[in-house]
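Topology and contacts: notes
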Amino acid sequence: MTRSGKSPVISITSGKGGVGKTLIACNLATILAGQGRKILVADCDLGLANIDIMLGLRPRRNLKDVIYGDADIRDIVIPTKGGFDLIPASSGVREMAQLILERIDVIKAKIRSLRNYDLILLDTGAGISEVVLQFNLLADRNIVVINRELTSLTDAYAMIKTMYQVFDRDSLDIIVNSAAGEEEGREIFGRISSICKKFLNVRLTYLGHVLQDPVIPKSILKQEIAVLASPRSKIAANFAQIARALPLK
Ligand SMILES: Nc1ncnc2c1ncn2[C@@H]1O[C@H](COP(=O)(O)OP(=O)(O)O)[C@@H](O)[C@H]1O
Ligand SMILES: [Mg+2]
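Note that this is a predicted model, so its numbers are computed, not measured.

Attention now moves to helix α6 (residues 130-138). Summarising burial for α6: 7 of the 9 residues are buried, a large majority. When we look at burial in α6, the residues that qualify are Val131, Val132, Leu133, Gln134, Phe135, Asn136 and Leu138.

Structure (structure tokens):
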């Protein structure tokens, strides 16, 4: 998956919103950084950016200053308590998504120019808007996050179908979030996988599940990272397993 000399890029995306993309980006990045890898997370949920809030950070500058100001993309990268670097985006700017679309090629080129990372994770917005699709296209691989809700599956299918039919992506990765356990995770993956096999020529790889656990909303409320706050929890074991399943060096 590595483009020679460049940092590998993986997007974390979904059809439906609120399925846990940002939570997964932060916790997976923390686990990978804890294993000694140099990780960057880019907040690509433009307009509704919230990784900085999840981490209790108040970045002085963000992607907006790169696109419309004179900041270099390297200048806005900030370290986090998860041990990974973050590119923050601006929040609460409703027109941002539209503005970004006009400059999407510039942003993609700037992210691509960041070298020396073992992995760049893109935390995208939900849905099949052009901006989200473009960030998914920038990534070498796409992780689609789903949960047990029917709309999450149908919206994920719409995302996978679009990535396949419009951009020729025939291999994507799946994480099942808010599962009751390993068995339910596999069962939910089985559902999306069989629909994709039937109607699309797409290969889905199952990376694993994350339990539904009150540890998570609690950690978010305290602006902590669950795998750091509760390193011996089942959640931490889930993320360690997902990290092992990633095709990384
Ligand atoms: N595994 C989980 N267990 C319990 N609550 C969860 C879990 N995953 C996500 N949540 C809840 O769902 C909310 C939305 O998660 P978030 O990562 O912001 O979703 P997205 O980025 O996909 O919009 C979080 O605030 C959190 O409270
Ligand atoms: Mg999010």
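Let us look at the site of ligand 1. Taken together, 16 residues lie around ligand 1, and Lys21, Thr22, Leu23, Asn177 and Leu211 are the ones closest in. Contacts to ligand 1 include Leu23, whose backbone N or O atom sits 2.9 Å from an oxygen atom. Residue Asp213 places a main-chain N or O atom 3.1 Å away from a nitrogen atom belonging to ligand 1. When ligand 1 is considered free in solution it has 560 Å² of accessible area, and contact with the protein chains removes 79% of it. Elements that contribute at least two residues to the shell around ligand 1 include exactly α1 (21-34), β7 (171-179), β8 (203-211) and α9 (215-221).

Take empty space enclosed by the protein next. Left-over empty space is what a probe sized like a water molecule reveals as it rolls over the atoms. For the structure on display, the rule yields 1 cavity of 30 Å³ or more. Lining the largest cavity are Leu23, Cys26, Asn27, Met54, Leu55, Ser219, Ile220, Glu224, Ile225 and Ala226. Counting residues per element, the ones that place at least two in the lining of the largest cavity are α1 and α9. With 3 residues, α1 is the largest single contributor of residues to the lining of the largest cavity. Classifying every residue of the lining of the largest cavity by side-chain character gives 7 nonpolar, 2 polar and 1 charged.

The subject of this paragraph is the environment of Tyr157. For Tyr157, the location among the structural elements is in helix α7 (residues 150-167). Tyr157 sits 144 residues away from Thr13 along the chain, and the two C-alpha atoms are 12 Å apart.

Below, the discussion takes up the pairing of strand β1 (residues 9-14). The element β1 is extensively covered by neighbouring structure, given that 6 of its 6 residues are classed as buried. Along β1, one buried face is formed by Val9, Ser11 and Thr13 and the opposite face, lined by Ile10, Ile12 and Ser14, is buried too. Alignment of β1 against strand β5 (residues 119-126), held across 5 bridges, turns out to be parallel. Within β5, the position partnered with Val9 by the bridge is Ile120. Across 4 bridges, the pairing between β1 and strand β6 (residues 141-146) is parallel. Bridge pairing in β6 places Ser11 opposite Asn142.

The pairing of strands in a sheet happens through backbone hydrogen bonds and is either parallel or antiparallel. The strand order across the open sheet formed by 8 strands is β3-β4-β2-β5-β1-β6-β7-β8, and the pairing between neighbours is mixed. Where the open sheet ends on each side, the last strands, each with one partner, are β3 (78-79) and β8. Bridge analysis of strand β2 (residues 39-44) against β5 gives 6 bridges, and the strand direction is parallel. Within the sheet, the bridge partner assigned to Val41 lies in β5 and is Leu121. Of the strands in this sheet, β7 and β8 touch helix α11 (residues 234-245), which is tilted by about 160 degrees from β8.

Conventions we followed
Residues numbered from 1 in each chain as written. Chains lettered and ligands numbered in written order. Predicted model: local features only at pLDDT ≥ 70, side-chain atom pairs only at ≥ 80, totals over all residues. Heavy atoms only, no water. Buried < 20%, exposed > 50% of the residue type's maximum accessible area, 1.4 Å probe, protein only. Helix = DSSP H or I, 4+ residues; strand = E, 2+ residues; numbered from the N terminus. Near = heavy atom within 4 Å. Polar contact = N/O pair within 3.5 Å; in protein donor to acceptor, adjacent residues only side chain to side chain. Areas by Shrake-Rupley, 256 points an atom, 1.4 Å probe, with all protein chains shown as cover. 1 Å grid on protein atoms, 1.4 Å probe; cavity = no way out; pocket = protein on both sides within 12 Å on 5 of 7 lines; lining within 4 Å. Points joined across faces, edges and corners; volume = space filled by probe spheres on them. Nonpolar A, V, L, I, M, F, W, Y, C, P; charged D, E, K, R; others polar. Pairing = 2+ DSSP bridges. Contact = heavy atoms within 4.5 Å. Axes fitted to C-alpha atoms, helices over the stretch in contact; angles between N-to-C directions.

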